[in-house]
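Breakdown of the fold
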Amino acid sequence: YGNAKILGVKCDIVNYDDVLRALDITHEKLGKLIKVLINTAGLFHVSTFLELSADDFRRIIEVNLIGPANTIRAVLPDMINSGGGVIINVTSVWASRIGPSRSAYIASKWGLLALTKALAEEYKKYGVRLIALSPGPVITPMTLPYIKGEPPKDWLKPEDVARVIMFIIKENSFGGGEEIQIFGKGSPIGT
């Protein structure tokens, strides 16, 4: 977008100290307070609850829920001090549905949706908008191993999700706490 500066900083979002280190680097390199945060990291695994190891279950919860909580905690002071901002947590349609063989993923995304709604209420007085974006099936490196054959043409692509994210950032009518579900032309639940 025009003259926008882009900076990539590697960090483990599950490690709060690493998140703070990445934020420090961002402040140093860009010299600005953070006004927009988009949490898109995620882990997904299809298996029954008993087939999924306790360590894998915990890791999915950590990446999908604790990681976004860490990044939000890190940037909220910037947003409060600058008069507001927008945080978009990419959840999933599974954040409000139940299905087999996805227990850790569903639990983590329900948790992220609840966290989004709770923090939206808590921080709206500071002008911070928190919104949950819940896409249906998206063709990504995370979902490709579960697709047999060619990726379905009716699934969303990452750029479809990115367009909606840009719209939410620019459109101030979303006050915070909303869950916005988006789908391709296929099933609203996916396969």
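Use the structure listed above.
Residues numbered from 1 in each chain as written. Predicted model: local features only at pLDDT ≥ 70, side-chain atom pairs only at ≥ 80, totals over all residues. Heavy atoms only, no water.

**Points about the nonpolar core**
Quick note on the threshold: Put simply, buried Ala, Val, Leu, Ile, Met, Phe, Trp, Tyr and Cys residues joined by side-chain atoms within 4.5 Å make one nonpolar core. For each residue, the accessible area found with a 1.4 Å probe, counting protein chains only, is set against the maximum for its type, and the residue is called buried under 20%, exposed over 50%, and partly exposed in between. Starting at the N terminus, helices and strands are each numbered in turn, a helix being any DSSP run of H or I of at least four residues and a strand any DSSP run of E of at least two. Any two residues whose heavy atoms approach within 4.5 Å are treated as being in contact.
In this structure, I72, M79, I87, V128 and L130 are the most contacted members of the largest nonpolar core, which totals 16 residues. With 5 residues, helix α2 (residues 54-81) is the largest single contributor of residues to this core. Non-local contacts of V128, meaning those with residues more than four positions away in its chain, are made with L76, M79, G84, G85, I87 and Y123. With 13 residues, the next largest nonpolar core counts I88, V90, I131 and I182 among its residues.

**Notes on the sheet that holds strand β2 (residues 85-90)**
Quick note on the threshold: Pairing between two strands is assigned when DSSP locates at least 2 bridges connecting them. What counts as an axis is a line fitted to C-alpha atoms, over the stretch in contact for a helix, and the angles between N-to-C directions run from 0 to 180 degrees.
Here 4 strands make up an open sheet; going across it, the order is β1-β2-β3-β4 and the pairing parallel. The two strands at the open ends of the sheet, each matched to only one other strand, are β1 (36-39) and β4 (179-182). The mean angle between the axes of side-by-side strands here comes to 20 degrees, regardless of whether they run parallel or antiparallel. In this structure, strand β3 (residues 128-135) lies alongside β4, joined through 4 bridges in parallel fashion. When the sheet's bridge partners are listed, S134 is paired in β4 with Q181. The sheet contacts of α2 involve β1, β2 and β3, and relative to β1 the element is tilted by about 175 degrees. Most of the contacts of helix α3 (residues 103-123) go to β3, to which it runs at about 160 degrees, and overall it touches β2, β3 and β4.

**Overview of the environment of K32**
With respect to the helices, strands and loops of the structure, K32 is situated in the loop between α1 (16-30) and β1. Each C-alpha atom of the pair K32 and E62 lies 28 Å from the other, and the pair is 30 residues apart in sequence.

**Focus: the packing of α2 against α3**
Defined as follows: Angles are sorted into four bins: roughly parallel if under 35 degrees, roughly antiparallel if over 145, roughly perpendicular if 65 to 115, and oblique for all others. We call a crossing left-handed when the near helix sits turned anticlockwise from the far one by less than a right angle, and right-handed when that turn is clockwise. Only Asp, Glu, Lys and Arg are considered charged in this grouping, and only Ala, Val, Leu, Ile, Met, Phe, Trp, Tyr, Cys and Pro are considered nonpolar; every other residue, Gly among them, is considered polar.
Remark: α2 packs on α3, axes separated minimally by 8 Å, with the N-to-C direction vectors making an angle of 15 degrees. Overall, the two elements α2 and α3 adopt an arrangement that is roughly parallel. For the pair α2 and α3, the sense of crossing is right-handed. Each of F57, I60, I61, N64, L65, P68, A69, I72, L76 and I80 in α2 lies in contact with α3, whose residues at this interface are S103, A104, Y105, A107, S108, K109, G111, L112, L115, L119 and Y123. Looking at the contact of α2 with α3 residue by residue, the class counts come to 16 nonpolar, 4 polar and 1 charged.

**Quick notes on the side chain of S108**
Looking at the element boundaries, S108 is found in helix α3. Discounting residues that sit within four places of it in the chain, S108 has contacts with I60, I61, N64 and L65.

**Considering the environment of M142**
Following the sequence through the fold, M142 ends up in the loop between β3 and α4 (158-170). Excluding its chain neighbours within four sequence positions, the residues that come into contact with M142 are G42, L43, F44 and Y105.

**What about the packing of aromatic side chains?**
Aromatic ring pairs are described here by two measures, namely the spacing of the ring centres and the angle between the planes. Selection rule: Each aromatic pair joins two rings of Phe, Tyr and Trp (for Trp, the six-membered one) with centres within 6.5 Å, and gets the label stacked for planes under 30 degrees apart, edge-to-face for over 60, and tilted for any other angle.
All told, the structure shown has 5 aromatic pairs when counted by the stated rule. Between F44 and Y146, the aromatic rings sit 5.3 Å apart at their centres with planes inclined by 90 degrees, giving edge-to-face as the arrangement. Residue F44 is found in the loop between β1 and α2, and its partner Y146 is found in the loop between β3 and α4; the two are separated by 102 residues along the sequence. Judged by relative accessible area, Y146 falls into the partly exposed class, the value being 34%. Their ring planes at 35 degrees and their centres at 5.9 Å tell us that Y123 and Y126 sit as a pair that is tilted. According to the relative accessible area criterion, Y126 is partly exposed, its value standing at 35%.

**Quick word on the pairing of β3**
Spelled out, the test is: For crossovers, right-handed means that the path from the first strand over the helix to the second runs clockwise, given strands pointing away from the viewer.
Counting buried positions along β3 yields 8 of 8 residues, so the element is predominantly enclosed. Burial along β3 is two-sided: the face carrying V128, L130, A132 and S134 and the face carrying R129, I131, L133 and P135 are both buried. With 6 bridges joining them, β2 and β3 adopt parallel strand pairing. Considered in β3, the bridge of V90 is made with L133. In terms of handedness, the path from β2 via α3 over to β3 forms a crossover that is right-handed. Considered for its hand, the β-α-β crossover made up of β3, α4 and β4 is left-handed.

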